[in-house]
Amino acid sequence: MSVACIVVAAGRGERLGEERPKAFVEVGGRPLVWHALQAAARSARVSYVVVVAPGGFEGDPALSGADAVVPGGATRQHSVANGLAALPPETGVVLIHDAARCLAPPSLFDDVAAEVLAGYDAVIPGLAVVDTLKVVDGAGRVTATPDRSQLRAVQTPQGFARAVIDRAHAAAVERGDTDAPDDASLVERLGLPVHVVAGHADAFKVTRPQDLLLASTVLARRAA
Ligand code: CTP
Ligand code: MG
């Protein structure tokens, strides 16, 4: 069955605070999206890669390794929907990946795809949570301390049977949801099971300026 990957790169990167869109900020001399694209393309399982790009960047040379480039939407959910609409008809498995998780290794794409190919409809990588998390009300008062052993910090690539993720996004549109936290949550809303596999430390998301420091250190370590 044919595996495609959608790399969503159309966000502004408000929290990073750079002038250009986050996916085009450079680490190790290359844009974040270039690194993400490389990793997807180097996965033995992935045979087609669609990049969802911010306006004006569709023709950027950093995207030359993609099989298709489509414009982004107002929210991440809309950007993913644009990517889904651009998949070749023979696609049976879809991996959806944040360009901001630019150093997720090819092996993580392989692992997630393998679990979908083995029969799971929705597969997401997750790591144990290191911080103690609190549920807080509007007044700043703690209302609960969830048991950390039951929590996972989830990453991308998230993998899906194509029919399932298409249905999950269509149902979100029907409900009027526009900005889902992630793609797996839309599958959860269908009442279908989502399977968690081991995530990878290098699949952290570049969100704030200090994350760029970590990314360049990881790259330097790989090159050594
Ligand atoms: N994304 C997208 N289209 C959007 C919003 C986000 O393709 N309209 C992508 C981002 O490019 C990123 C991924 O979704 O690769 C995860 O989103 P996030 O880390 O929140 O990136 P931004 O939305 O760009 O950052 P911020 O929320 O700080 O503005
Ligand atoms: Mg965002």
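As recorded in an unreviewed UniProt entry, the protein chain goes by 2-C-methyl-D-erythritol 4-phosphate cytidylyltransferase and comes from Jiangella ureilytica. The UniProt entry for the protein chain carries the following comment under Catalytic activity (unreviewed entry): "2-C-methyl-D-erythritol 4-phosphate + CTP + H(+) = 4-CDP-2-C-methyl-D-erythritol + diphosphate". UniProt annotates the protein chain under Function (unreviewed entry) with the comment "Catalyzes the formation of 4-diphosphocytidyl-2-C-methyl-D-erythritol from CTP and 2-C-methyl-D-erythritol 4-phosphate (MEP)."

A. Molecular detail of the overall build of the protein chain. Broken down by element type, the protein chain carries 6 helices and 12 strands. Whereas a compact globule of 224 residues would reach a radius of gyration of roughly 17 Å, the protein chain reaches 17 Å, a difference of no more than 12%. If one aligns the C-alpha atoms of the protein chain with their principal axes, the spans along those axes are about 50 × 40 × 35 Å. Per-residue burial for the protein chain yields a buried fraction of 42% across its 224 residues. In the protein chain, the share of contacts with a sequence separation of at least 24, taken over all contacts with a separation of at least 6, comes to 70%.

B. Seen up close, the site of ligand 1. For ligand 1, the set of nearby residues contains 22 residues, the closest of which are Ala10, Gly11, Glu14, Arg15 and Ser79. Class assignment of the residues belonging to the shell around ligand 1 gives a composition of 8 nonpolar, 7 polar and 7 charged.

C. Summary view of unusual backbone geometry. Look at the link from threonine 156 to proline 157: it is a cis peptide, with omega at 5 degrees. Here proline 157 shows up in the loop between strand E10 (152–154) and strand E11 (158–161).

D. Molecular detail of helix H2 (residues 76–85). Those residues of H2 that fall on the buried side of the exposure criterion are Arg76, Gln77, Ser79, Val80, Gly83 and Leu84. Buried residues along H2 cover an arc of 160 degrees about the axis, so they all sit on one side. Packing partners of the buried residues in H2 comprise strand E1 (2–8), strand E4 (46–53), strand E5 (68–71), strand E6 (91–98), helix H4 (162–175) and helix H5 (183–189).

E. The environment of threonine 143, seen in detail. Its location among the elements puts threonine 143 in strand E9 (residues 142–144). Accessibility expressed as a C-beta count within 10 Å gives 9 for threonine 143, which makes it exposed. C-alpha separation for the pair threonine 143 and threonine 132, spaced 11 residues apart in sequence, amounts to 14 Å. Those residues in contact with threonine 143 that lie beyond four places of it in its chain are Val135, Val136 and Asp137.

F. The confidence of the model for the protein chain, seen in detail. Of all residues in the protein chain, 100% attain a pLDDT of 70 or more, and the chain-wide mean is 98. The ipTM assigned to the predicted complex is 0.99, against a pTM of 0.98.

G. A look at the UniProt feature "site: Transition state stabilizer" (unreviewed entry) in the protein chain. Annotation from UniProt places "site: Transition state stabilizer" (unreviewed entry) at Arg15 and Lys22. Relative to the assigned elements, arginine 15 resides in the loop between E1 and strand E2 (26–27). Discounting chain neighbours no more than four positions away, the residues touching arginine 15 are Thr207 and Arg208. By secondary structure assignment, the location of lysine 22 is in the loop between E1 and E2.

H. Structural view of the UniProt feature "site: Positions MEP for the nucleophilic attack" (unreviewed entry) in the protein chain. As recorded in UniProt, the feature "site: Positions MEP for the nucleophilic attack" (unreviewed entry) lies at Arg148 and Lys205. Within the secondary structure layout, arginine 148 lies in the loop between E9 and E10. Leaving out residues up to four positions away in the same chain, arginine 148 has contacts with Val129 and Thr132. Inspection of the secondary structure puts lysine 205 in the loop between strand E12 (195–198) and helix H6 (209–223).

I. Spatial organisation of the environment of aspartate 67. When you line up the elements, aspartate 67 lands in the loop between E4 and E5. Using a count of 15 C-beta atoms within 10 Å as the deciding quantity, one classes aspartate 67 as partly exposed. In the structure, aspartate 67 is positioned 20 residues away from leucine 87 in sequence and 9.9 Å away in space, judged by C-alpha atoms. With sequence-adjacent residues up to four places away left out, aspartate 67 is seen in contact with Tyr48, Val49 and Val50.

What counts and what doesn't
Residues take numbers from 1 onward in each chain, read along the sequence in its written order. Each chain is given a letter, starting from A, and each ligand a number, starting from 1, according to the order in which they appear as written. Per-residue local features of the predicted model are confined to residues with pLDDT of at least 70, and side-chain atom pairs are confined, for both listing and counting, to 80 or more; whole-chain, interface and lining totals are unaffected and use all residues. UniProt positions are given in the numbering used here, feature names are shortened, and annotations may be inferred rather than shown by experiment. By definition, any uninterrupted DSSP run of H or I lasting at least four residues is a helix, any uninterrupted run of E lasting at least two residues is a strand, and each is numbered from the N terminus. Each radius of gyration reported is based on C-alpha atoms, and the globular scaling rule is 2.2 Å times the count of residues to the power 0.38. Exposure is read from a count of other C-beta atoms within 10 Å of each residue's own; the residue is exposed at 12 or fewer, buried at 20 or more and partly exposed in between. C-beta atoms are placed from the backbone. Placing a C-beta atom from the backbone of each residue, one calls two residues in contact when those atoms lie within 7 Å. Note on definitions: a residue is near a molecule or strand provided its C-beta atom, placed from the backbone, lies within 6 Å of it. Residue polarity is assigned by list, with Asp, Glu, Lys and Arg as charged and Ala, Val, Leu, Ile, Met, Phe, Trp, Tyr, Cys and Pro as nonpolar; anything else, Gly included, falls into the polar class. The arc in question is the one spanned by the directions pointing from the helix axis to the C-beta atoms. Per-residue confidence from the predictor is reported as pLDDT, a score between 0 and 100.

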